[in-house]
Amino acid sequence: AMELLKYMDTIELSTSSSSTRRNIKPNTITYNSVINSFCKSVQEGIIRGEEVETAPIKAEALLKVMTNDYLSGRNLNCLPDTTTYNTVLKVWSYSYRKDAGENAERLLEEMWNNHNGYYNNRRNNNSTECSNHNQDDDDKTDNRHYLD
């Protein structure tokens, strides 16, 4: 699943001229499917050890890629939805990490803040900052490096 997502992202980036641009961008359903694959892999014991520890980090990195791509206007078809957040929360809970509870609580707060109008305000205003949202510097960085 990750390989297909990376391939779609590569095609989109490499065909930036409008005459050769291919409309093969991952959308919310695509991202949710990949995040769900992390969840199923952890839940069903398909992955073990260190992979279980990194699965929630990778799932959350995908969530941040979605958010950044949507907010920057790079991909307006990848707005994270409640399914996205709920699935990342499940990955955290199945990981049995000691910090899972804290991260789940932080993610719930982020979901509440973001879906209380920030995404719509940001998209409608097409501004780079929004006064009713406080994003950490980590959220502004490109998280694609976590996906390798």
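Our subject is the structure listed above.
Residues numbered from 1 in each chain as written. Predicted model: local features only at pLDDT ≥ 70, side-chain atom pairs only at ≥ 80, totals over all residues. Heavy atoms only, no water.

(A) Summary view of the overall build of the protein chain. Tallying secondary structure elements over the protein chain gives five helices and zero strands in all. In sequence order, the secondary structure elements of the protein chain are arranged as α-α-α-α-α. Looking at the protein chain as a whole, 43% of its 148 residues qualify as buried. Taking all contacts inside the protein chain whose residues are at least 6 apart in sequence as the whole, residues at least 24 apart take part in 69%. (Helix = DSSP H or I, 4+ residues; strand = E, 2+ residues; numbered from the N terminus. Buried < 20%, exposed > 50% of the residue type's maximum accessible area, 1.4 Å probe, protein only. Contact = heavy atoms within 4.5 Å.)

(B) Representation of helix α2 (residues 28–43). Spanning 16 residues, α2 covers 22 Å between terminal C-alpha atoms, matching the ideal 22 Å at 1.5 Å per step. Residues of α2 that are buried: Thr-28, Tyr-31, Asn-32, Val-34, Ile-35, Phe-38, Cys-39, Ser-41 and Val-42. Two or three places before Ile-29, at the opening of α2, Asn-27 has a side-chain oxygen 3.1 Å from that residue's backbone nitrogen. (Expected span 1.5 Å × (residues − 1). Polar contact = N/O pair within 3.5 Å; in protein donor to acceptor, adjacent residues only side chain to side chain.)

(C) Expanded view of the environment of Lys-64. Position of Lys-64 among the secondary structure elements: in helix α3 (residues 50–72). Relative accessible area serves as the criterion here: at 16%, Lys-64 is assigned to the buried category. Along the backbone, Lys-64 and Pro-80 are 16 residues apart, and their C-alpha atoms lie at a distance of 9.0 Å.

(D) Examining the pattern of salt bridges more closely. Taken as a whole, this structure holds four salt bridges when the rule is applied. Between Arg-74 and Asp-69 there is a salt bridge, with the nearest N and O atoms lying 2.8 Å from each other. Using a relative accessible area of 3% as the deciding quantity, one classes Asp-69 as buried. Of the charged contacts in the structure, one is a salt bridge between Arg-97 and Asp-99, with a shortest N-O distance of 2.9 Å. When its relative accessible area of 18% is taken as the criterion, Arg-97 is described as buried. In this structure Asp-99 comes out as partly exposed when scored by relative accessible area, which is 24%. (Salt bridge = Lys/Arg side-chain N within 4 Å of Asp/Glu carboxyl O.)

(E) Representation of the nonpolar core in the model. In terms of nonpolar packing, the biggest core is built from 28 residues, with Tyr-31, Phe-38, Leu-62, Val-88 and Leu-107 touching the most fellow members. Elements that contribute at least two residues to this core include exactly α1 (2–14), α2, α3, α4 (82–95) and α5 (100–125). At nine residues, the largest contribution of residues to this core is made by α3. (Core = buried A, V, L, I, M, F, W, Y, C linked by side-chain atoms within 4.5 Å.)

(F) Spatial organisation of the packing of α3 against α4. The contact between α3 and α4 brings their axes to 8 Å, and the two run at 165°. Relative to α4, α3 is oriented roughly antiparallel. The interaxial crossing formed by α3 with α4 has left-handed handedness. Seen from α3, the contacting residues are Val-52, Glu-53, Ala-55, Pro-56, Ile-57, Ala-59, Glu-60, Leu-63 and Met-66; seen from α4, they are Thr-84, Tyr-85, Val-88, Val-91, Trp-92, Tyr-94 and Ser-95. Here the residues of the contact of α3 with α4 sort into 12 nonpolar, two polar and two charged. (Axes fitted to C-alpha atoms, helices over the stretch in contact; angles between N-to-C directions. Parallel < 35°, antiparallel > 145°, perpendicular 65-115°, else oblique. Left-handed = near helix turned anticlockwise from the far one by under 90°. Nonpolar A, V, L, I, M, F, W, Y, C, P; charged D, E, K, R; others polar.)

(G) Local environment of the environment of Gly-49. Summarising the element assignment, Gly-49 is placed in the loop between α2 and α3. A relative accessible area of 51% places Gly-49 in the exposed class. As for Gly-49 and Ser-95, which are separated by 46 residues in sequence, their C-alpha atoms are 9.9 Å apart.

(H) Examining unusual backbone geometry more closely. You will see that Tyr-96, though not glycine, has its phi angle at about 60°, which is positive. Tracing the sequence through the fold places Tyr-96 in the loop between α4 and α5.

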